[in-house]
Every structure is written in structure tokens, then in C-alpha cells.
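If you want the building blocks of each chain, they are given just below.
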Amino acid sequence: SAVSSSGAAASSGAGATRIFALKRMTKRVMISKNQMEHLQAERNCLSQYNAESAGNSTNTNTSTSPGENASEALRSTDNQWLVQLFATFEDSHSLYMVLEFCAGGNLMNLLIRENVFSESSCRFYVSELVLAIEWVHKLGYVHRDLKPDNILLDHRGHIKLTDLGLCKRVVETVEVPPPPPPPLPPTSPLSAGIAPLPPPGSVETDTAVTPVVDTTA
């Protein structure tokens, strides 16, 4: 396949180890299937998300230590709904994206295990999904590939959207309403609510007029 995912562990200092998700895309297949534009869109969206998240984290959580898990820092802000992109690189055969690892898997696997969600679970996931979509729209994108497979769950069960390869940048447009019709002159019968009389000779009748012949003479 063109895309594969795997987990990778890395040391972040002070004896701590973090796990990342590594997304690998084969260059030859991506080019042959004309998928490079989709990859660029996903990277641009996640990079913009990272910039927004870093700005909000700086303003609202200045006490975060360098070794703290990034997902915890993001969870304390409004920017919590997309997987985080940490790095991109390539070799002679593949392209790679280092992403946030979500230990809860995806919503499809959870649905298969549970068979049927309870009403409270449905309300919880749908409400978080609405907030996630709203955040994508705030970034200026539409996801265009929403399905349970692309809804991940972090270690606490909150959702995170992934696989934004089909996302599209939306250019905001403002619809200008048409101008109102010009006002009627004061002397017009319509301005007074009175229907105008038709001009003479313009009234058509369906009944033919039969001349009356005087036969008494």
C-alpha cells in the first residue's frame, strides 16, 4: 500500500520515553496515484494547527515543563482536536510524518468491540466530533473524509481527528445582497396601495357582443 503506520519510541530526556506514530508513504505510489497534493494539504493543515496550538499554550499554560507530554498541554487549551505533527522527513523511497500517538485506537475498532454504543456514549462522541469539526473550520479547512476510521481516541478516551489528506482550504467569501428596488414616486397608485386602472381599450372579454335587432318595425 502507499501508506503505512507504525509506532516508534524516543527518549525525551530525564529518563522519559515518548511514543510516536510514524506514517510512511511510498513516493512512487504517491506520485503514480497523484496524491502529492493531498499530502501537502495534510501537512499544511497540521502545521497551521501546531502554530495555533503553540500560541494558545504559551498564553494559557506558561507553567508547562519541557518534559511534559504535549497532549496534556494541548488538552488544557481549545486546540485539542487534531493529532499533532512533530516532524516530516524523507529518504530515497518514502516520505515520513511523525505524529502524535493515540493509545485508544480508532472509533471503528471501539464500535466493533462494543457492537452498539449507549446513548450517553453517542452523545459524548458526537458532541466532541462537532467541536473537532468546528476547530478544523476555524483553521480554514474542511475535512472531507470523516469516518470512524479517521477518529482516533487518546489515552483518556477523547477524540482526535486524523488523515486530513482530502482536506481542502476554504477561501471565505462574503455574499453581497442585491440592492433594494427603487422607491415608487408619491403620485403612483401603487405607493398608496391602490391598483391602477387599465388604459381604455385594453380590457379583453371572452364573451362576444351580439347586436340587438329591432323586429317590431
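Just so it is clear, the model here is predicted, and its values are computed rather than measured.

1. Concerning the overall build of the chain
Of the regular secondary structure elements, the chain holds five helices and eight strands. The secondary structure elements of the chain, listed N-terminal to C-terminal, are β-β-α-α-α-β-β-α-α-β-β-β-β. Classification of the 217 residues of the chain by burial places 31% in the buried group. For the chain, the proportion of contacts with a sequence separation of at least 24, taken over those separated by at least 6, is 62%. For the chain, the exposed area adds up to about 14,600 Å²; of that, 58% sits on carbon and sulfur atoms.

2. A closer look at the pattern of salt bridges
Pairing is possible between side chains of opposite charge, provided their charged atoms come close. This structure, assessed with the given rule, holds five salt bridges. Lys27 is paired through a salt bridge with Glu90; the nearest N and O atoms lie 2.5 Å apart. Taken together, the positions of Lys27 in helix H1 (residues 27-32) and Glu90 in strand E3 (residues 85-90) put the pair 63 residues apart, joining distant regions of the chain. With a closest N to O distance of 3.0 Å, Arg123 and Glu119 form a salt bridge. Taken as a pair, Arg123 and Glu119 lie in helix H5 (residues 119-138) at a separation of four residues, close to a single helical turn.

3. Some words on the state of the cysteines
Under the criterion given, the structure shown has zero disulfides. No disulfide involves Cys167; its sulfur sits 4.7 Å from the nearest other cysteine sulfur, which is in Cys45. Of the residues examined, Cys167 reaches a relative accessible area of 6% and is grouped as buried.

4. Considering the confidence of the model for the chain
Averaged over the chain, the pLDDT score is 76; the fraction of residues at 70 or greater is 63%. Taken element by element, the chain is modelled with least confidence in helix H3 (residues 70-75), mean pLDDT 40, and with most confidence in strand E6 (residues 151-153), mean pLDDT 95. Note on residues 58-78: pLDDT is under 50 here. Beyond four places in sequence and across chains, it has 30 contacts.

5. What to know about the nonpolar core
Ranked by size, the top nonpolar core spans 30 residues in total, and within it Leu82 and Ile159 carry the most contacts. Contributions of two or more residues to this core are made by strand E2 (16-26), helix H2 (36-60), strand E4 (94-100), helix H4 (107-114), H5, E6 and strand E7 (159-161).

6. Focus on the pairing of E4
Extensive coverage of E4 is indicated by the burial of seven of its seven residues. As judged from the five bridges shared by E3 and E4, these two strands associate in the antiparallel manner. If you follow Thr88 over to E4, its bridge partner there is Met97. The hairpin turn running from E3 into E4, its antiparallel successor, is three residues long.

7. What about unusual backbone geometry?
For Asn34, which is not glycine, the phi dihedral falls at a positive 55°. Its identity as a non-glycine residue notwithstanding, Asn115 has a phi of 75°, on the positive side.

8. Looking at H5
With 20 residues, H5 extends 29 Å from end C-alpha to end C-alpha; this agrees with the ideal 28 Å at 1.5 Å per step. Where H5 terminates, the next one or two residues include Gly140, which has phi positive at roughly 95°.

9. Some words on the packing of aromatic side chains
Tallying each qualifying case throughout the model produces four aromatic pairs. Relative to Phe86, the ring of Phe20 has its centre 5.0 Å away and its plane inclined at 80°; by these criteria the two rings are edge-to-face. In this pair, Phe20 is assigned in strand E2 and Phe86 in strand E3, connecting sequence segments 66 residues apart. Take Phe20: its relative accessible area is 16%, and that puts it in the buried class. In this structure Phe86 comes out as partly exposed when scored by relative accessible area, which is 31%. Between Phe124 and Tyr125 the ring centres are 5.3 Å apart and the planes differ by 70°, which places this aromatic pair in the edge-to-face class. Cluster of aromatic residues (ring-pair linked, three or more members): Phe117, Phe124 and Tyr125.

Here is what the cut-offs are and how they apply
Residues numbered from 1 in each chain as written. Predicted model: local features only at pLDDT ≥ 70, side-chain atom pairs only at ≥ 80, totals over all residues. Heavy atoms only, no water. Helix = DSSP H or I, 4+ residues; strand = E, 2+ residues; numbered from the N terminus. Buried < 20%, exposed > 50% of the residue type's maximum accessible area, 1.4 Å probe, protein only. Contact = heavy atoms within 4.5 Å. Areas by Shrake-Rupley, 256 points an atom, 1.4 Å probe, with all protein chains shown as cover. Salt bridge = Lys/Arg side-chain N within 4 Å of Asp/Glu carboxyl O. Disulfide = S-S within 2.5 Å. pLDDT = per-residue confidence, 0-100. Core = buried A, V, L, I, M, F, W, Y, C linked by side-chain atoms within 4.5 Å. Pairing = 2+ DSSP bridges. Expected span 1.5 Å × (residues − 1). Phe/Tyr/Trp six-rings, centres within 6.5 Å; stacked < 30°, edge-to-face > 60°.

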